[in-house]
Amino acid sequence: MLEALGLTEGEEAVYRFLVDAPSAAAELAAALDRPLSTVEEDLLALIGRGLVSRVAGAPVRHVAAPPSVALGGLLTARREELRTAELAIVALAEQHRMAATDRAVGDLIEVVTGVEAVRQRFLQIQWAATRQVRSFSTVPFVAVSPSDNTAENQGVERGVAYRVVVEREMLATPGVAAGTIDSVRRGVQVRVADKLPIKLMMADGELALVPLTTEPGGEPAAVLLHRSGLLAAVEALFEAVWLRAYPLRVDGADALEEHPEAAVTELDRKILALLLAGLTDEAVAGQLDLSLRTLQRRLRALMDLAGVRTRVQLGWHAARHDWA
């Protein structure tokens, strides 16, 4: 039943058993008639998802997190993933519709072929930006590697805001982590995602470059999109992915870390826990002896900290990052 939320059959069985009563790993293995090693693997997976926690003792026991909070967070994450997929479908449908019509498509899109041509458009888009540049960066690098992106420095110096989502695999590429650290120090906002749907470079909401080929060794090609329904769909796709990606910061040891949030106070945790339990703002404020205005101001600060726009997104973020 919970496979739709990403749980395996074994993980679901372990979680369901723990909902009834805290248990040690050996007790779980005996009750479920399964090898201890596989039960321990399932427990580690559930702990990693925030569905189970350990209770110190001899032996160590495991306790299930409240389903309404823990599984609710997973459900929200799945909904966000489906929303991202829907946006990608919209972009593909618009692309197909435009290709099938007999109108002046050249006014909206431009096909660019060849390494040098793609490279020039990649840089020109950034030079054309006046407010912000948004991009998806993935491997392999077809025409321009991050170290060759000279336009980024120039854009930041001009006051252009850069928001970049990098694919996690990319950070393992030699030289990329060091370059990313330099970018973050210059003020570029960088987030990391496990997987990105496309490569992308977008200036303001006016121009976007989307590569058509990603295999090294082949003839690079890309589509330059001007303002249109297709560009709006690509813009929405970026924003959806940005919300789900993890912000990157540079720690004191000059290394990248995925722990962007400032410390969440104990009061913040109590507020979130009560809200996730279904209490109204007024009830939460009364229980914590806060004014309603103070509570709502603190919630607004937490939403800004998480980089989200709605309370539903805040609840998902809180569950994912163990804030409550």
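The name given to the protein chain in an unreviewed UniProt entry is Transcriptional regulator TrmB, with Nonomuraea zeae as the source organism.

### Digging into the overall build of the protein chain
Looking only at helices and strands, the protein chain has twelve helices and 13 strands in total. Across the 324 residues that make up the protein chain, the buried fraction comes to 42%. If you sum the accessible surface of the protein chain, you get close to 16,800 Å²; carbon and sulfur atoms cover 55% of it.

### Here we look at the sheet that holds strand β1 (residues 23-24)
Through backbone hydrogen bonds, the strands of a sheet pair up, either in parallel or in antiparallel fashion. Read across the sheet, three strands follow the order β1-β3-β2 without closing on themselves; strand pairing throughout is antiparallel. The open sheet is flanked by β1 and β2 (52-55), the only strands paired with a single partner. Sheet topology note: the β1/strand β3 (residues 61-64) ladder contains two bridges and is antiparallel. Among the inter-strand pairings, Ser 23 is bridged to a residue of β3, identified as His 62. Contacting β2 and β3, helix α3 (residues 36-48) crosses the sheet at an angle of about 110 degrees to β2.

### A word on unusual backbone geometry
Non-glycine residue Asp 33 carries a positive phi angle of around 55 degrees. Structurally, Asp 33 can be placed in the loop between α2 (25-32) and α3. On the basis of relative accessibility, which here comes to 70%, the residue Asp 33 falls in the exposed class. Unlike most non-glycine residues, Asp 204 shows phi in positive territory, near 50 degrees.

What counts and what doesn't
Residues numbered from 1 in each chain as written. Predicted model: local features only at pLDDT ≥ 70, side-chain atom pairs only at ≥ 80, totals over all residues. Heavy atoms only, no water. Helix = DSSP H or I, 4+ residues; strand = E, 2+ residues; numbered from the N terminus. Buried < 20%, exposed > 50% of the residue type's maximum accessible area, 1.4 Å probe, protein only. Areas by Shrake-Rupley, 256 points an atom, 1.4 Å probe, with all protein chains shown as cover. Pairing = 2+ DSSP bridges. Contact = heavy atoms within 4.5 Å. Axes fitted to C-alpha atoms, helices over the stretch in contact; angles between N-to-C directions.

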